[in-house]
Amino acid sequence: PRVTMPSDRAPAAVGPPGGRRPPPSRPVEREGQPWWVWLVVLLAVLLLGLIGYLGMQVIGSLGPGGSPTPSVAQFQLPNYEGEPIAAVRQDLEGRGLDRAPEQREASDEFERNTVIRTIPPAGTLVSEGDDIIVVVSSGADTVPVPNLIGQTRAEATATLTAAGLNLGAVTSEPSSQEAGTVIRSDPPAGTDVERSSQVNLVLSLGPTPSPTPSPTAVPTPVPTPVPTATPTAEPTP
């Protein structure tokens, strides 16, 4: 067995004078983190999540070629002014545009059934499925000639004025109708004419009087010739 040597003995603790021991040292307590530090960390996490979400949206909107895919293609509305409405209808359908109910408008410049304008106007940026209103010409502003047969000149003039027409030339000719009444008009009744046009009238002179028969000529009597007596020759003695 190992023999304990004097050097193996621990030296006696030497204390301060008076035999008092110093108080044991307390462990240093660490203070907690301020509350705003946790708030900053939370905001940073939320911001990173938002950035990641937006990044995924951008990446998802990229097409195969790496460029954003347009949502709706836009193009300029063509100018259909003066074109036949049938051709315009077909072109609008081919472009995927919806035709709203057409509007009719009288026009002296554009022929009947041709396009005057569109709503929206030509050159406007439109997209497939947009509604397009087409204004179509109904021709010149026309009105039908009213029926004037049997009316007097004054009555026919008032009727024409009410219809937006004017009285033209007035002539007369014999007729079986009452004298002074209209027997026909030019243009005739029911004809579509431009507003403010003139309508000519023919008035009746009344029935044509029958001619007075000429008296029969009485033949002049021819006097009967008196026979002349022929002298008788006397005999010669």
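Report follows, based on the coordinates. (Residues numbered from 1 in each chain as written. Predicted model: local features only at pLDDT ≥ 70, side-chain atom pairs only at ≥ 80, totals over all residues. Heavy atoms only, no water.)

## What to know about the pattern of salt bridges
What counts here: Each salt bridge in this description consists of a side-chain nitrogen of Lys or Arg and a carboxyl oxygen of Asp or Glu lying within 4 Å of one another. Labels follow the DSSP assignment, with helices taken as runs of H or I lasting at least four residues and strands as runs of E lasting at least two, numbered in each case from the N terminus.
One pass over the structure, following the stated rule, counts seven salt bridges. Glu102 is the partner of Arg89 in a salt bridge, and the nearest nitrogen-oxygen pair spans 2.7 Å. One end of the pair, Arg89, is in helix H2 (residues 85-94); the other, Glu102, is in the loop between strand E2 (98-99) and strand E3 (103-105), and 13 residues separate them in sequence. For Arg184, the salt bridge is made with Glu173, and the minimal N-O distance between the two is 2.9 Å. Of the two residues, Arg184 is situated in strand E9 (residues 182-186) and Glu173 in strand E8 (residues 166-173); the sequence distance between them amounts to 11 residues.

## Concerning unusual backbone geometry
This is how the line gets drawn: Buried means the residue's accessible area, taken with a 1.4 Å probe over protein chains only, is under 20% of the maximum for its type, while exposed means over 50%, and partly exposed covers the values in between.
A cis amide bond links Ile119 with the next residue in sequence, Pro120, at an omega value of 5°. Within the fold, Pro120 resides in the loop between strand E4 (115-119) and strand E5 (125-127). Despite not being glycine, Asn113 has its phi angle at roughly 65°, a positive value. Among the structural elements, Asn113 can be located in the loop between E3 and E4. By relative accessible area, Asn113 is classed as partly exposed at 33%. At Ser196, a position not held by glycine, the phi torsion is positive, near 75°. Relative to the elements of secondary structure, Ser196 occurs in the loop between strand E10 (192-194) and strand E11 (198-204).

## Quick word on a nonpolar patch on the surface
For clarity, the cut-off: Here the term patch refers to residues with relative accessible area over 30% and no salt bridge, with like charges joined within 9 Å and nonpolar side chains (Val, Leu, Ile, Met, Phe, Trp, Tyr) within 5 Å. Each accessible area is a Shrake-Rupley result for a 1.4 Å probe, and residues are judged covered by the shown protein chains and nothing else.
Together, Trp35, Trp36, Leu39, Val40, Leu42, Leu43 and Leu46 make up an exposed nonpolar region whose accessible area comes to about 800 Å². For Trp36, a relative accessible area of 48% translates into the label partly exposed.

## Let's talk about the side chain of Thr114
Going by this rule: Under the rule applied, a polar contact is a pair of N or O atoms within 3.5 Å (in protein, one hydrogen donor and one hydrogen acceptor; residues adjacent in sequence only if both atoms are side-chain atoms). We call two residues in contact whenever any of their non-hydrogen atoms come within 4.5 Å of each other.
On the secondary structure map, Thr114 appears in the loop between E3 and E4. Of the residues examined, Thr114 reaches a relative accessible area of 10% and is grouped as buried. Here the side chain of Thr114 touches Glu111 through a polar contact of 2.5 Å, landing on its backbone oxygen. Excluding residues that lie within four positions of it along the chain, Thr114 makes contacts with Gly82, Glu83, Pro84, Val135, Val136 and Ser137.

## Things to note about the environment of Arg95
Within the secondary structure layout, Arg95 lies in the loop between H2 and E2. Relative accessible area serves as the criterion here: at 35%, Arg95 is assigned to the partly exposed category. Put simply, Arg95 and Glu128 are 33 residues apart on the chain and 6.9 Å apart in space, counted from C-alpha to C-alpha. Ignoring anything within four residues of it in the chain, the contact list for Arg95 reads Phe75, Pro78, Tyr80 and Glu128.

## What about the sheet that holds E8?
Which entries qualify depends on this criterion: Any two strands with at least two DSSP-identified bridges between them are counted as paired. Axis lines are fitted through C-alpha atoms, for helices just across the contact stretch, and the angle between N-to-C directions can take any value from 0 to 180 degrees.
Strand order in the open sheet formed by three strands is E8-E11-E9, and the pairing between neighbours is mixed. Each edge of the open sheet carries a strand with a single partner, namely E8 and E9. If you compare each strand with its neighbour and ignore which way they point, the axes differ by 25° on average. Across six bridges, E8 lies against E11 in parallel orientation. Within the sheet, the bridge partner assigned to Thr171 lies in E11 and is Val202.

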